[in-house]
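Given next are the chains, with one letter for each unit.
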Amino acid sequence: MIRIAQPLLGEEEEQAVLAVLRSGQLSQGPLVRRFEEAFAQYVGVREAVAASSGTAALHVALLAHGVGPGDEVVTSPFTFVATANAILATGARPVFADVSEDDFNLDPARAGESISERTRALLPVHLYGQPADMEALSALARRHGLALVEDACQAAGASFGGRKVGSFGTGCFSFYATKNMTTGEGGMITTDDAKLAARARLLRDHGQRRRYVSEVLGYNLRMTEVAAALGLTQLQKLDAFNDRRRANARYLTERLSGVMAPREIPGRHHVYHQYTIRVSLPVRQAGRGRDALLGYLRDRDIEAAVFYPLPVHKQPLYRGLGNRQRLPVAERLSREVLSLPVHPGLSREDLDAVVSAVREGLALTQADRVAVGGAGA
Ligand SMILES: Cc1ncc(COP(=O)(O)O)c(C=O)c1O
């Protein structure tokens, strides 16, 4: 089976974890601090605050900005549900604005139309490792005096205009096992704002600045030393991993170009957490071409996947909360997208197998148009 994701762990990770196990210090300690410093330096910000997951990072970042009941947060409907769940967890209301066909990310114009007097924050997502339009979204946040929280969970190492994602607003990263770098489970908040970082540190640890003195309502959302040891080693490899992802993406795109050329958006450094093609058929048959191709690839032992088959506003949870919005771009994408293996553990033979299976599968399923790249096409 050619997997859609595969953590790449070596001798360095084994040694680093063993050293932690032998040290006797398992819970948050000096390695977490070192990982925070190294990650802040990598992203190009003053502060980083480690957390137990990407979801925890988003939750804590929003709380640290003072987001809570009565507030609205404008976000993308075309994302993993954790993005919106973190907003709900603060007591605020997620407001979904449609995404752009160009990058599958929050459309700045639609986001602008969704701002009300209750809006407290913008929460764009850098989906598949493709940076959102941070120039327009930063300007929008500034114009309306909103907090800008970036869901960079899929985009460690990506940049916009030469500047790393997670440095435009408050960055939230995930180190889940399938991500471009991993600690098994883990997360990180990045910011230039020392006061915000201090609040985040309180919130992740029961409001304690000093042990057993609780100043505000906080939680246990800490990272372990084992996770930090993995993070420090994986961070050193991140750029090489991302280079491999980009080279694999290029290889696929060149060979699938008979279908349609991929397009990377100038000025944006895509790190291909996913390599996502679009398979579209006439409206009557929408979804069938994509799902037939998915089945064909799986029969050939290629693990392709759909991220995400149901946009967040159509999830039972959000419909149950009364959401009846129509967001045509997100809804169409959820019927058409298909992610192919692109991770750095793939061999040349694996990539060739993916290319020929996609070509054959497409010929069989007779999809009439395919766009490549996850960057829009
Ligand atoms: C876009 C996005 N947001 C949030 C998350 C949540 O991260 P985690 O699984 O580490 O909680 C993920 C990853 O799973 C994600 O892909």
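Residues numbered from 1 in each chain as written. Predicted model: local features only at pLDDT ≥ 70, side-chain atom pairs only at ≥ 80, totals over all residues. Heavy atoms only, no water.

Turning to the overall build of the protein, a few remarks are in order. Helix and strand content of the protein: 12 helices and 15 strands. In terms of overall size, the protein behaves like a compact globule, its C-alpha atoms giving a radius of gyration of 21 Å where 377 residues would be expected to give roughly 21 Å. Along the longest, intermediate and shortest principal axes, the C-alpha atoms of the protein span 65 × 55 × 35 Å. Every one of the 377 residues in the protein was classed for burial, and the buried ones make up 58%. In the protein, the share of contacts with a sequence separation of at least 24, taken over all contacts with a separation of at least 6, comes to 73%. On the protein, roughly 15800 Å² of surface is accessible, and the fraction owed to carbon and sulfur atoms is 50%. A gap of 3 Å separates the mean positions of the 45 positive and 41 negative side-chain charges of the protein. (Helix = DSSP H or I, 4+ residues; strand = E, 2+ residues; numbered from the N terminus. Rg over C-alpha atoms; globule rule 2.2 N^0.38 Å. Buried < 20%, exposed > 50% of the residue type's maximum accessible area, 1.4 Å probe, protein only. Contact = heavy atoms within 4.5 Å. Areas by Shrake-Rupley, 256 points an atom, 1.4 Å probe, with all protein chains shown as cover. Lys, Arg positive; Asp, Glu negative; His and termini not counted. Charge placed at Lys NZ, Arg CZ, Asp CG, Glu CD.)

Surveying the vicinity of the ligand reveals 16 residues, the closest of which are Gly54, Thr55, Asp151, Ser174 and Lys179. Gly54 has a polar backbone atom sitting 2.8 Å from an oxygen atom of the ligand. For the ligand, whose free accessible area comes to 380 Å², the fraction covered by protein is 92%. Here the ligand is seated within the largest pocket. Listing elements by their share of the shell around the ligand, those giving two or more residues are α3 (54-64) and α4 (82-90). Broken down by element, the residue count for the shell around the ligand peaks at 3 residues, all from α3. Grouping the amino acids of the shell around the ligand by side-chain chemistry returns 6 nonpolar, 8 polar and 2 charged. (Near = heavy atom within 4 Å. Polar contact = N/O pair within 3.5 Å; in protein donor to acceptor, adjacent residues only side chain to side chain. 1 Å grid on protein atoms, 1.4 Å probe; cavity = no way out; pocket = protein on both sides within 12 Å on 5 of 7 lines; lining within 4 Å. Sits in = over half its atoms within 2 Å of the grid points. Nonpolar A, V, L, I, M, F, W, Y, C, P; charged D, E, K, R; others polar.)

Once that is clear, we can look at the packing of aromatic side chains. In this structure the tally under the stated criterion is 13 aromatic pairs. Between Phe35 and Phe39, the aromatic rings sit 6.1 Å apart at their centres with planes inclined by 75°, giving edge-to-face as the arrangement. Of this pair, Phe35 and Phe39 are both found in helix α2 (residues 30-43), 4 residues apart, which corresponds to roughly one turn of the helix. For the pair formed by Phe35 and Phe39, the shared burial category is buried. Measuring from centroid to centroid gives 6.0 Å for Phe104 and Tyr128, while their planes differ by 80°, and the two rings are edge-to-face. Separated by 24 residues along the polypeptide, Phe104 in the loop between β3 (93-96) and α5 (108-113) and Tyr128 in the loop between β4 (119-123) and α6 (134-144) bring together distant segments of the chain. Taken individually, Phe104 and Tyr128 each receive the classification buried, so the pair is uniform in this respect. Sitting above the plane of the Phe168 ring, Arg163 keeps its charged end 4.2 Å from the centroid. Across from the ring centre of Tyr251, 3.6 Å away, lies the NZ or CZ of Arg255, which sits over that ring. (Phe/Tyr/Trp six-rings, centres within 6.5 Å; stacked < 30°, edge-to-face > 60°. Lys NZ or Arg CZ within 6 Å of the ring centre and 35° of its normal.)

Before going further, it helps to examine the environment of Leu217. On the secondary structure map, Leu217 appears in the loop between β11 (213-214) and α8 (225-255). Given the relative accessible area of 65%, Leu217 is considered exposed. Along the backbone, Leu217 and Phe96 are 121 residues apart, and their C-alpha atoms lie at a distance of 28 Å.

On to the environment of Leu146. Structurally, Leu146 can be placed in the loop between α6 and β5 (147-151). Judged by its relative accessible area of 11%, Leu146 falls in the buried class. Between the C-alpha atom of Leu146 and that of Asp239, which follows or precedes it by 93 residues, the distance is 32 Å. With near-sequence residues (within four places) excluded, Leu146 lies in contact with Ile115, Thr119, Arg120, Ala121, Leu122 and Ala141.

To continue, consider the sheet that holds strand β2 (residues 72-75). Ordered by their spatial adjacency, 7 strands build an open sheet running β1-β9-β8-β5-β4-β2-β3, and the pairing between neighbours is mixed. With one partner strand each, in any of the chains shown, β1 (47-51) and β3 form the two edges of the open sheet. For this sheet, the mean inter-axis angle between neighbouring strands, taken without regard to orientation, is 25°. Where β4 lies against β5, 2 bridges are found, and the strand directions are parallel. Across the sheet, the residue bridging to Leu122 is Leu148, located in β5. Taken strand by strand, α3 contacts β1, β2, β4, β5, β8 (170-174) and β9 (187-191), and its axis lies near 160° from that of β8. Helix-sheet contacts for α4 involve β2, β3, β4 and β5, and the interaxial angle to β3 is about 145°. (Pairing = 2+ DSSP bridges. Axes fitted to C-alpha atoms, helices over the stretch in contact; angles between N-to-C directions.)

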